[in-house]
Amino acid sequence: MQPSFWGSALIATQSAFTTKATTFWAYQPNASNNLRDYTKYIHTSTPSAQCTEDNEPLPCVIEVPETVTSQTDLQDFFVGKTNSDILALSAERTPEQ
């Protein structure tokens, strides 16, 4: 038995409108400024416009998939990412960037 046209169209339409939800983590500047140090981030519900005034290019708030809800998840998410990859996730940048 072959699937009906309308059933296939419905599935295609539903998947076309599926959006990926995200969550945010605020970076806390520190002496070492290791962007991949997951312990230097605090989970937050919304990005903040307040960024550091350090001269280093640092993220303010990064936007990640909604499944990243704990620091352990964030640690796993950072595996294989460079500082540039993490800066690309930043919802807000420091004024110097």
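Our subject is the structure that appears above.
**Student:** Where do I start with the pairing of strand β1 (residues 22-27) in this structure?
**Tutor:** Every regular strand shows the same layout, with side chains that alternate between the two sheet faces. Burial analysis of β1 places 5 of its 6 residues in the buried class, which makes it a mostly covered element. Pairing between β1 and strand β3 (residues 59-65): 5 bridges, direction antiparallel. When the sheet's bridge partners are listed, Phe 24 is paired in β3 with Glu 63. The sheet contact formed by β1 and strand β2 (residues 41-44) spans 4 bridges and is antiparallel. Bridging across to β2, Ala 26 finds its partner in Ile 42.

**Student:** Looking at this structure, I do not really get the packing of aromatic side chains. What am I missing?
**Tutor:** All told, the structure shown has 3 aromatic pairs when counted by the stated rule. With a centroid separation of 5.4 Å and 65° between ring planes, the pair formed by Tyr 41 and Phe 78 is classed as edge-to-face. Here Tyr 41, found in strand β2, pairs with Phe 78, found in helix α2 (residues 71-78); they are 37 residues apart in sequence, far enough to count as distant. The exposure class of Tyr 41 is buried, given its relative accessible area of 1%. By relative accessible area, Phe 78 is classed as buried at 5%. Sitting over the face of the ring of Phe 77, Lys 81 holds its NZ or CZ atom 4.1 Å from the ring centroid.

**Student:** Which parts of the structure should I look at to understand α2?
**Tutor:** The α-helix advances 3.6 residues per turn, and as a result positions three or four apart in sequence lie on the same side. Among all positions in α2, only Leu 74, Phe 77 and Phe 78 are buried. End-on view of α2: buried residues confined to an arc of 95°, all on one side of the axis. On the buried face of α2, the contacting elements are β1, β2, β3 and α3 (83-88). With its phi angle positive at about 85°, Gly 80 sits one or two positions after the end of α2.

What counts and what doesn't
Residues numbered from 1 in each chain as written. Predicted model: local features only at pLDDT ≥ 70, side-chain atom pairs only at ≥ 80, totals over all residues. Heavy atoms only, no water. Buried < 20%, exposed > 50% of the residue type's maximum accessible area, 1.4 Å probe, protein only. Helix = DSSP H or I, 4+ residues; strand = E, 2+ residues; numbered from the N terminus. Pairing = 2+ DSSP bridges. Phe/Tyr/Trp six-rings, centres within 6.5 Å; stacked < 30°, edge-to-face > 60°. Lys NZ or Arg CZ within 6 Å of the ring centre and 35° of its normal. Arc of directions from axis to C-beta. Contact = heavy atoms within 4.5 Å.

As far as function goes, none of this settles anything; it's purely spatial.
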